[in-house]
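Read off the chains here:
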Amino acid sequence: MRKNEVHSASRAIAKSAHGQAAGESVGKRASPVPKVDSEKLAQPTYAGCFECIGAKCEDACCGDWDIPLDKITYQRYRLFPREKLGSLVSHFVSRDPESTHDNAYAYIHPTDSGVCPFFGEDRLCGVQKQYGPGLLSTTCSLYPRSLSQVNGRLEGTLSLSCPEAARLVLLSPSLSLLESNLHSGEFKTDNVFSLAGDMGNHRKPPAHFLAVRSLLIELIRDRSRPIWQNLLMIASFSKRLDEAMTGLNLEPVPALVDQYRVALGQGPYDELEGLPRDLKRRIELVLALSSKQSARHSSGQRFRDAFWDFVEGIGSAESSAPDEDMNRFRIAESEYHRPLLDAHPFLVENYLVNHMLQHLFPYGRAGSPRFIARSASDECLLLVIQFSWVSSLLIGIAGRYREAFSTEHVISTVQSFTRAVDHIPQIHEDALAAVRQRGLDDLSGISILLRT
Ligand code: SF4
């Protein structure tokens, strides 16, 4: 039965991708489709619009993690006089003997209270105050900006682990409206990612990246069908892209792009409604992933608070039956979560588009010493897992705050989640393994991860 459902869904997607869209009005998102400036979004520059709010920040970035230090900055820090931060350097800065990458040549380790040793009681950076912004490491100068070189052009996006960046990205009615000059000199530009090429896993070099990315962004922003159906389309496309990239499928990538482009604006697919929902398995997964994450010191108190709000929201008191959790989850989604997101459809779209742009989806982003090469299908599965995880947390939190559930909750949850999860590739690998173990890594499983 499950296999039939998957085949039927694949057929529906393929049929639509060839221009024979199914059904008319199941779960159609009501708001008008905004005009997409694909060209601007295809090569984003909104990183340069960001301004740090410093001491006013509710979750300063200077805590909970080891901060990478590039080689040149490390050598300069070693020259600080003892009375001018030099003693802190000798206690808390150390060379990474295994590093092979100049941008992670050494690390600044947090103090016992979990903050950067240079972070002052005035909540400002001691290095910047003492020596000026020129002595900030590449990481500190850039964060939360993320730069990539694509097709000879510099692109800049933002990490949502910073609250101010999360506000800027999530609350913008259209990311294509945010433009800036990435060469302004206000931040360093010498730590730049690049498109993952042939990583030794038999993939061909990533051809037609901009055309692929433009299609996928337009699919995310296609409000003629629910977002879960758009993500299933993207999962189906990623699988066929992998086949094209490895030579199993001789269909050229531009032809594949054209096939899926025909589906834009064509409305929801009734046949996808046959794919399973299983709230029990979805909630079990989010509880397992979040419990494990909460136990990690680096997850931060704000993530632990968000998880606790989720638990309170779906009412998992010891005496309650598992079915009660599911009922509360369902009610929280339909009465408090969905109305807010229907009124602000760009929240979800911007979250997904920012992830795609930042991570050079679906080919991946090389240039970090912790880079892990993945297929387009695995990049897509990872996107779906993260989206399902943070959306599930938000649904529980909506149940906790009910009528008071607002965009503020969305910002703080997405920010604390991204900060806990997005910077550590091992967490991504653990999440992929957890989903595979539960057999949720095909179209049927993706449907369970996304539907309520
Ligand atoms: S988290 Fe963002 S706004 Fe807050 S201190 Fe860091 S860069 Fe500035």
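Scroll up for the structure.
Here goes a summary of the coordinates provided. (Residues numbered from 1 in each chain as written. Predicted model: local features only at pLDDT ≥ 70, side-chain atom pairs only at ≥ 80, totals over all residues. Heavy atoms only, no water.)

## So, the site of the ligand
What counts is decided by this rule: By convention in these notes, a residue is near a molecule or strand provided one of its non-hydrogen atoms lies within 4 Å of it. Charged residues are taken to be Asp, Glu, Lys and Arg, nonpolar residues to be Ala, Val, Leu, Ile, Met, Phe, Trp, Tyr, Cys and Pro, and polar residues to be all remaining types, Gly included.
Taken together, Phe50, Cys52, Ile53, Cys57, Asp59, Cys61, Cys162, Pro163 and Glu164 make up the full set of residues adjacent to the ligand. Classifying every residue of the shell around the ligand by side-chain character gives seven nonpolar, no polar and two charged.

## Here we look at unusual backbone geometry
A negative phi angle is the norm for most residues apart from glycine, just as the trans form is the norm for most peptide bonds. Convention followed: Only DSSP runs of H or I with at least four residues qualify as helices, and only runs of E with at least two residues qualify as strands; both kinds are numbered from the N terminus onward.
In this model, Tyr143 is joined to Pro144 through a cis peptide bond whose omega is 5°. Looking along the chain, the bond that leaves Phe361 and enters Pro362 is cis, with omega of 5°. By the element assignment, Pro362 lies in the loop between helix H14 (346-358) and strand E7 (365-366). At Leu85, a residue that is not glycine, the phi angle is positive and equals roughly 80°. Along the chain, Leu85 falls in helix H4 (residues 82-92).

## A few points about the sheet that holds strand E1 (residues 67-69)
Selection rule: A pair of strands is considered paired only if DSSP assigns at least 2 bridges between the two. Angular values range over 0 to 180 degrees, each being the angle between N-to-C directions of two axes fitted as lines to C-alpha atoms, with helices fitted over their stretch in contact. Two residues form a contact once any of their heavy atoms are found within 4.5 Å.
Read from one edge of the open sheet, three strands run E1-E3-E2, paired in antiparallel fashion. Each edge of the open sheet carries a strand with a single partner, namely E1 and strand E2 (93-95). Direction aside, neighbouring strands of the sheet carry axes that sit 30° apart on average. As paired elements, E2 and strand E3 (residues 106-108) share three bridges and run antiparallel to each other. In the sheet register, Ser94 faces E3, and the bridge partner there is Tyr107. Of the strands in this sheet, E2 and E3 touch H4, which is tilted by about 50° from E2.

## Regarding the pattern of salt bridges
Where we set the bar: When a carboxyl oxygen of Asp or Glu is within 4 Å of a side-chain nitrogen of Lys or Arg, the pair counts as a salt bridge. Partly exposed describes any residue whose relative accessible area lies between the buried limit of under 20% and the exposed limit of over 50%, with all areas from a 1.4 Å probe on protein chains only and scaled to the type maximum.
Tallied over the full model, the rule gives 22 salt bridges. Residue Asp222 is joined to Arg225 by a salt bridge in which the shortest nitrogen-to-oxygen separation is 3.1 Å. Neither Asp222 nor Arg225 differs from the other in exposure class; each is buried. Note that Lys292 is salt-bridged to Asp430, the shortest N-O span being 3.6 Å. In this pair, Lys292 is assigned in helix H11 (residues 279-294) and Asp430 in helix H17 (residues 425-437), connecting sequence segments 138 residues apart. Judged by relative accessible area, which is 23%, Asp430 ranks as partly exposed. Sharing partners across several salt bridges, the network here consists of Glu58, Glu164 and Arg167.

## Topic: the side chain of Arg225
Among the structural elements, Arg225 can be located in the loop between helix H8 (209-220) and helix H9 (227-245). The buried category is assigned to Arg225, whose relative accessible area is 0%.

## Considerations on the environment of His344
As for its placement among the helices and strands, His344 is situated in the loop between helix H13 (322-343) and H14. Along the backbone, His344 and Leu170 are 174 residues apart, and their C-alpha atoms lie at a distance of 9.6 Å.

## As for the pairing of strand E6 (residues 192-195)
For strand E4 (residues 145-150) and E6, the ladder comprises three bridges, and the chain directions are parallel. The residue of E6 that forms the bridge with Gln149 is Ser194. Where E6 meets E7, two bridges bridge the pair, whose relative direction is antiparallel. Residue pairing for E7: Leu195 is matched across the bridge by Arg365.

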